[in-house]
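Below, each chain spelled out in residue letters.
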Amino acid sequence: MRCPRCDARVGDTAVQCTFCGQDLSVVQYVRRVSNSYYNRGLERANVRDLSGAVEALKKSLQFYKANTSARNLLGLIYYEMGEIVSALSEWVLSKYLQPDNNAADYYINTLQSNPTALEAANQTVRKYNAALVAAQARNEDLAIIQLKKVVSLNPRFVRAQQLLALLYIKTKDYQRAAKCLNRARKIDFNNTTTLRYMQEVGDRAAALERRAEAAAKNPPKPRKDPLSNVTPVGTYKEEKRSMMPVVYVVLGIIFGIVVSFVLIRPTFLKQLGGGGSELSDANSQLAVQSAKISTLEKERDSLDTELERLKKQMEDGNTAAQKKTQNYEKLLKGVDYYVAEDKIQAAATVSKCKKSDFDSAEAKRVYSKIAAVSAEDIAALVRQGRNEMNTSYDTAIATFKKVLSVDPENQEAMFCMGRCYQRKNKNKTAAKWYEKAIALDGNTSFAVQARQYLNQISPEEQGATPAPEPTVRP
């Protein structure tokens, strides 16, 4: 290990620095506590208590962040739980802290050598984020469809199994929810979220079972037979024929004719004379139906607009997750260049990233160290480019582009780019670089030389008006 005072290498069991005399007992105590939490996390991981192991390993890293064994184990647990991005972050930081003889090299190379697995991980993250957005918008059916695809791509994704079970609980499909929770518990046996959901499923299922038992104990009373009070009739006896039925029929016919003339006939005549009012009623009904159709069309347009908005939110979530993965890949490549002592290329690799693109404090610190390039390194690279102008203009242009990628306002590199393109007879491109150098600061020696060479190029070849003369400072 290294002394915290003079940064000298000392033995792992030393209690005092042999160079500066610093007391190392506190450092040894902190390392022992860190190793104790690491052993506790390893024991929990062996019995598949992954969430408990993550908690213990995080505490181990709080005491001693350079404990690469704890960091590598934490990355393996994240990978086991389907958290590919978190696992890769821990391994990259472990490799940065211990470049040699580190198991993180094997894990990273194994993951990078399988493009199919990386693509599957990217799709898993995108679809999980889309399902989460749909669930928050209370579109449970779409969220369930997306999560089914997620668990089919990565069955060990614990958070996806938990979210799918939660949606099944909300739709009262407790049997499928129990299956998802059992699969999640096989991966992480003592996850508190999984156990809480299982308790909820058990309580709901028990309530349904109690209702079924109550219904079995108290069956509904049988209905009374409606024919139970009907008494049987006596024996059939043929009655004598009578004229009264014929009289009743005749009286009914006469009564019907009277009613027709008194009531029905006037009403019929009134209807014949009121055809205009019926047409008006029909027009009114048609107007009402047209208004209903217009309202339904507006509702349909509103639903289409809402659907487009939800689709845009899903696409934005997928783009953000993909950009985050790409930023971590650039950071990993930058670390490789930095370890190979190519600091300029490392800074150029992460030049399009920002510190806020990374979540963890360790990743931000690694980015800050890689992105910072000293003025001496930039000046050395400019000198290298000037020497390369004597042998190959293409090589020199590539070197100056590398300088501008980490220092976009380097006027000397802009001027040299113009000289290289002018000597390659690409006067239009050369004029653009001369104009950029002059626009940056028109009173320097590079600006004066750029203006002289720019005047040697005709306006037709420049594609623009000649550069103005510099203003004299008071």
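These remarks concern the structure in this document. (Residues numbered from 1 in each chain as written. Predicted model: local features only at pLDDT ≥ 70, side-chain atom pairs only at ≥ 80, totals over all residues. Heavy atoms only, no water.)

Overview of the pattern of salt bridges
Threshold: Put simply, a salt bridge is a Lys or Arg side-chain nitrogen that is within 4 Å of an Asp or Glu carboxyl oxygen. Only runs of H or I of at least four residues qualify as helices and only runs of E of at least two qualify as strands under DSSP, and these elements are numbered from the N terminus. Partly exposed describes any residue whose relative accessible area lies between the buried limit of under 20% and the exposed limit of over 50%, with all areas from a 1.4 Å probe on protein chains only and scaled to the type maximum.
Scanning the entire structure with this criterion turns up 10 salt bridges. R159 serves as the salt-bridge partner of E83, at 2.7 Å between the closest nitrogen and oxygen. In this pair, E83 is assigned in the loop between α3 (68-80) and α4 (84-97) and R159 in helix α8 (residues 158-170), connecting sequence segments 76 residues apart. Given the relative accessible area of 13%, E83 is considered buried. The class of R159 is partly exposed, set by a relative accessible area of 42%. Through salt bridges with shared partners, a single network forms among R48, E80 and R156.

So, the nonpolar core
The line we're drawing: By nonpolar core we mean a set of buried residues, namely Ala, Val, Leu, Ile, Met, Phe, Trp, Tyr and Cys, connected to one another through side-chain atoms within 4.5 Å. Here, residues are in contact when the closest pair of their heavy atoms is within 4.5 Å.
Of all hydrophobic cores here, the largest spans 39 residues; its most connected members are L57, I77, L331, F358, V366 and I370. Breaking this core down by element, the ones donating at least two residues are α1 (25-46), α2 (50-63), α3, α4, α5 (104-112), α9 (174-187), α12 (275-339) and α14 (361-371). In terms of residue count, α4 provides more of this core than any other element does, 7 residues in total. Setting aside residues up to four positions removed in sequence, I77 forms contacts with A45, L50, A53, V54 and L57. Membership of the second largest hydrophobic core comes to 26 residues, among which are V403, M414, C420 and I457.

Section: α14
Put simply, the rule reads: Arc, as used here, means the arc of the directions from the helix axis to the C-beta atoms.
What α14 keeps buried is the set E362, A363, V366, Y367 and I370. For α14, the angular spread of buried residues about the axis comes to 140°, placing them on one side.

Focus on empty space enclosed by the protein
Test applied: For cavity detection a 1 Å grid was placed over the protein atoms alone, and a set of points counts as a cavity when a 1.4 Å probe fits there but cannot get out; an open set counts as a pocket when protein lies on both sides within 12 Å along at least five of seven lines, with lining residues being those that have an atom within 4 Å of a point. Grid points are joined across faces, edges and corners, and a volume is the space filled by probe spheres set on the points. Residues are grouped as follows: nonpolar covers Ala, Val, Leu, Ile, Met, Phe, Trp, Tyr, Cys and Pro; charged covers Asp, Glu, Lys and Arg; every other residue, Gly included, is treated as polar.
Throughout the structure, instances matching the rule amount to 1 cavity of 30 Å³ or more. Here the largest cavity defines a volume of roughly 120 Å³. For the largest cavity, the full set of lining residues is I84, V85, L88, S89, L111, L118, A121, N122, V125, T325, Y328 and E329. Looking at the lining of the largest cavity residue by residue, the class counts come to 8 nonpolar, 3 polar and 1 charged.

What to know about the side chain of K95
Relative to the assigned elements, K95 resides in helix α4. Setting aside residues up to four positions removed in sequence, K95 forms contacts with N102, A104, D105, I108 and D336.

Comments concerning the layout of surface pockets
Quantified by volume, the second largest pocket comes out at close to 480 Å³. What lines the second largest pocket is a set of 22 residues, among which E83, V85, S86, R159 and K324 lie closest to the centre. Contributing elements (two or more residues each) for the lining of the second largest pocket: α4, α6 (115-136) and α12. For the lining of the second largest pocket, the residue count by class is 10 nonpolar, 7 polar and 5 charged.

What to know about the environment of A104
By the element assignment, A104 lies in helix α5. Sequence separation between A104 and G75 is 29 residues, and the spatial gap between their C-alpha atoms is 8.9 Å. Residues within four places of A104 in sequence aside, it is in contact with N72, W91, S94 and K95.

Some words on the packing of aromatic side chains
For the record, the criterion: Side-chain rings of Phe, Tyr and Trp (the six-membered ring for Trp) are treated as a pair once their centres are within 6.5 Å; stacked means planes under 30 degrees apart, edge-to-face means over 60, and tilted covers the remaining angles. When the NZ atom of lysine or the CZ atom of arginine is within 6 Å of a ring's centre and also within 35 degrees of its normal, the charge is said to sit over that ring.
Applying the stated criterion across every chain, the model contains 9 aromatic pairs. An angle of 40° between the planes, with centres 6.2 Å apart, marks the rings of F415 and Y434 as tilted. Linking F415 in helix α17 (residues 411-423) with Y434 in helix α18 (residues 427-440), this pair joins segments that are 19 residues apart in sequence. Take F415 and Y434: they sit in the same class, and that class is buried. In this structure an aromatic cluster arises from ring pairing among Y79, W91, Y106 and Y107. Stacked on the ring of F189, the Lys or Arg R185 has its end atom at 4.2 Å from the ring centre. Stacked on the ring of Y453, the Lys or Arg R419 has its end atom at 3.8 Å from the ring centre.

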